[in-house]
Amino acid sequence: MSRIFAVSKYIFRQSFRNRIMNVLIIFAVFAALFSLAVSELAQEAEVKMVVDFSLFAIELFAFLTVVLSMTIQIFEETELKTLMLVMVKPIKRSEYMLGKYAGVILTVLMNAAIMTAVMMIIIRLKGGDPWDIKILAAVSFSYLGICVLAAVALLLSTVSTTVPSWVIYITLVYALGHLTVHLKNLVDSSAGEAVRVVVDFIYYIVPNLELFNLNDKINAAAGLFAPGYLLLVLGYAALYITVSLTAACFIFDEKEF
Amino acid sequence: MPPLKRTIFYFVINAAFALMCVMNFFATKELKSSEPKWYFLSAHSYTKFSQIAAVSFGYRALLADAEYINMLQYYGSSKAAGGAHKDLLSYINAITDAEPDFTFAYTYGAAILAFNLKRYDEAVEVIKKGISYNPTFWKLRFYLGAIIYSRKGDTLKLTGLLEQAAGFSDHPAVVDRMLGNIYEVSKTPDFAARYWLKLLKTTNDTETKKYSAERLKLIIAAGKIKSPALILNNL
């Protein structure tokens, strides 16, 4: 456990040592602040505008943080051969992978926490309720979705041979993750059997990120989802992360360098 | 990894994956049952590319905000004012198509159309669309009632809508008072008196209690009800 913690601490620090990551964080904070300017244009719906824009920015920058943080790691491991230095240390490969995952999601958490804090301050300034449970639930589930995506990103990093191919794969997973539920809905009502089989395969393999999207529900008069649904999504996220990380550790363990 | 350990490992991973698929299936089922049909992309749901992209990537609310700013800018432009804002309805529809939960867009848009531009039919169309997507949001019925009552004097339609609004637990007390006033005009004095009496006994709102008592006194004083004793005994 201490070795996993040591790796995660190293990954976390390494992410913040990188200038590009620091620029990304500055951009993320500016994006949250920009919502203040945008809201000025929306007469009588300022708070809604701040919330919607900030939630969008939090998810987008969380995704970018995962991509950037992992890209830095993969580049350093493959091109600068830093992985060899780690492999000679008394640490299991699975511990290294778990530590790496923990480091990445910690980096995302810090980024999301900064943006959420900025958003809450702006909501307060605009006269809204910054502690609204709907907003906090939306941020939490957005982060949970990104944790699932980070686990898939780690799995993909073990099978990808180059950084660009990994970036393409993860971007595709992100897009498909939001689309699968809609694709399934479309084919269930109209498509033929062959298309349905293909879409069902994608639907079960790719993480269903739309399940974590509460951003579009915070204005619903009927309120947020039922607790049963939220528990199902939590269970789904836990299982998806476990399966992805186990598979990533397994592949990494078998890999020869 | 020894063969047996590897077999067990594969079995556990596959079992976890199967359980994950089951959870995904049930969570999606729950999502589908709790959301209206417009929430998902279908052959007839969304027409613009921006809407399809927003729904696909989960930023419907943000797109609606952009459309809302578009609408405000259109309404504020002098060029559009010269043309009597003839496209305002389509601007409002663009907002509510992107995010049908954006209830303020219905009330705001309908208020502009009805009270500022005197285009009542379009205002009613906006509110009716809002009601179809947000049936539990009482304010929309209230606005519809207000538009019709204030500007068209169509009390029959107004009564039905206010009765629906009064059926919601979170309706404002002013709905009850408004309904009572309409009953006094459109129904018999006995019916109106019974309504005020019921309201007097059930409402928690002090102002409504006071108002109900005043209206009851006036109805009884006018001498139009058939059995005033029945009302007075229940007071």
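Residues numbered from 1 in each chain as written. Chains lettered and ligands numbered in written order. Predicted model: local features only at pLDDT ≥ 70, side-chain atom pairs only at ≥ 80, totals over all residues.

Caption draft 1: Highlighting the overall build of chain A. For chain A, the count of helices and strands is nine helices and zero strands. Long-range contacts, defined here as pairs at least 24 residues apart, represent 82% of the contacts in chain A between residues at least 6 apart. (Helix = DSSP H or I, 4+ residues; strand = E, 2+ residues; numbered from the N terminus. Contact = placed C-beta atoms within 7 Å.)

Caption draft 2: Expanded view of the overall build of chain B. Check the secondary structure of chain B and you find 13 helices and zero strands. Its C-alpha atoms give chain B a radius of gyration of 27 Å, more than 25% over the compact-globule value 18 Å for 235 residues. Judged by the C-alpha coordinates and their principal axes, chain B covers about 95 × 55 × 30 Å. In chain B, buried positions account for 38% of the 235 residues. Taking contacts inside chain B between residues at least 6 apart in sequence as the whole, the part at least 24 apart equals 46%. (Rg over C-alpha atoms; globule rule 2.2 N^0.38 Å. Buried ≥ 20, exposed ≤ 12 C-beta atoms within 10 Å, placed from the backbone.)

Caption draft 3: Spatial organisation of the interface of chain B and chain A. At the interface, 39 residues of chain B touch 42 residues of chain A. Residue assignment for the side of chain B that touches chain A shows that the elements contributing at least two residues are helix 1 (3–34), helix 2 (49–57), helix 3 (60–76) and helix 6 (103–116) of chain B. Looking at the side of chain B that touches chain A, the element that brings in the most residues is helix 1 of chain B, giving 14 residues. When grouped by side-chain class, the residues that make up the side of chain B that touches chain A number 25 nonpolar, nine polar and five charged. (Nonpolar A, V, L, I, M, F, W, Y, C, P; charged D, E, K, R; others polar.)

Caption draft 4: Structural detail: the domain arrangement of chain B. Residues and elements named next belong to chain B. Assigned domains within chain B: domain 1 (45–167) and domain 2 (172–235). Once you take the C-alpha centre of each, domain 1 and domain 2 turn out to be 34 Å apart. Contact residues are listed per partner, giving eight residues for domain 1 and seven residues for domain 2. Here the side of domain 1 that touches domain 2 gets seven residues from one element, more than from any other, and that element is helix 9 (residues 155–166). For the side of domain 1 that touches domain 2, the residue count by class is five nonpolar, two polar and one charged. (Domains from an automatic or database assignment.)

Caption draft 5: The nonpolar core, seen in detail. Residues and elements named next belong to chain A. One finds Val66, Leu149, Ala150, Ala151 and Tyr236 to be the most contacted residues of the largest nonpolar core, which totals 129 residues. Here the element with the most residues in this core is helix 6 (residues 133–159); it accounts for 16 residues. When residues no more than four places from it in sequence are discounted, the contact partners of Ala151 are Tyr101, Tyr240, Ile241, Ser244 and Leu245. (Core = buried A, V, L, I, M, F, W, Y, C linked by C-beta atoms within 7 Å.)

Caption draft 6: Local environment of the environment of Leu155 of chain A. All names here are of chain A. By the element assignment, Leu155 lies in helix 6. What makes Leu155 buried here is the crowd of 24 C-beta atoms within 10 Å. Discounting residues that sit within four places of it in the chain, Leu155 has contacts with Ser244, Ala247 and Ala248.

Caption draft 7: Broad picture of the packing of helix 1 (residues 2–17) of chain A against helix 5 (residues 93–125) of chain A. Residues and elements named next belong to chain A. Packing of helix 1 against helix 5 leaves a shortest axis separation of 7 Å and a crossing angle of 45°. One element, helix 1, and the other, helix 5, form an angle in the oblique class. In this structure, the crossing between helix 1 and helix 5 has a hand that is right-handed. Contact residues: Arg3, Ile4, Ala6, Val7, Ser8, Tyr10, Ile11, Phe12 and Ser15 in helix 1; Glu95, Tyr96, Leu98, Gly99, Lys100, Ala102, Gly103, Val104, Leu106 and Thr107 in helix 5. Taken together, the residues of the contact of helix 1 with helix 5 sort by class into 11 nonpolar, five polar and three charged. (Axes fitted to C-alpha atoms, helices over the stretch in contact; angles between N-to-C directions. Parallel < 35°, antiparallel > 145°, perpendicular 65-115°, else oblique. Left-handed = near helix turned anticlockwise from the far one by under 90°.)

Caption draft 8: How the structure looks around the confidence of the model for chain B. All names here are of chain B. Mean pLDDT for chain B: 82, with 92% of residues reaching 70 or above. Within chain B, the element-level pLDDT minimum falls on helix 4 (residues 78–82), averaging 71, and the maximum on helix 5 (residues 88–98), averaging 92. Overall fold confidence for the complex sits at a pTM of 0.78, while the interface term, ipTM, reaches 0.83. (pLDDT = per-residue confidence, 0-100.)

Caption draft 9: Just the packing of helix 9 (residues 227–254) of chain A against helix 1 of chain B, in detail. Across the interface, helix 9 of chain A lies against helix 1 of chain B with an axial gap of 9 Å and an inter-helix angle of 150°. Our classification of the angle between helix 9 of chain A and helix 1 of chain B gives roughly antiparallel. Pair helix 9 of chain A / helix 1 of chain B crosses with left-handed handedness. Residue-level contacts link Tyr229, Leu232, Val233, Gly235, Tyr236, Leu239, Tyr240, Thr242, Val243, Thr246 and Ala247 of chain A of helix 9 of chain A to Ile13, Ala16, Phe17, Leu19, Met20, Met23, Asn24, Phe26, Ala27, Glu30 and Ser34 of chain B of helix 1 of chain B.

Caption draft 10: The arrangement of the confidence of the model for chain A in detail. Mean pLDDT over chain A: 86, with 97% of residues reaching 70 or higher. For chain A, helix 4 (residues 82–87) of chain A is the element with the lowest average pLDDT, namely 76, and helix 6 of chain A is the one with the highest, namely 92.

Caption draft 11: Just the environment of Leu199 of chain B, in detail. Residues and elements named next belong to chain B. Relative to the assigned elements, Leu199 resides in helix 11 (residues 189–202). By C-beta crowding, Leu199 is classed as buried, having 23 other C-beta atoms within 10 Å. Filtering out sequence-adjacent residues up to four positions away, Leu199 remains in contact with Asp176, Gly180, Thr208 and Ser212.

Caption draft 12: Spatial organisation of the environment of Asn208 of chain A. With respect to the helices, strands and loops of the structure, Asn208 of chain A is situated in the loop between helix 8 (193–205) and helix 9. Exposure remark for Asn208 of chain A: the 29 C-beta atoms within 10 Å place this residue in the buried category. For the pair Asn208 of chain A and Tyr174 of chain A, spaced 34 residues apart in sequence, the C-alpha to C-alpha distance is 9.3 Å. Residues contacting Asn208 of chain A, with those up to four places away along its chain left out, are Gly177, Thr180 and Val181 of chain A together with Asn24 and Thr28 of chain B.

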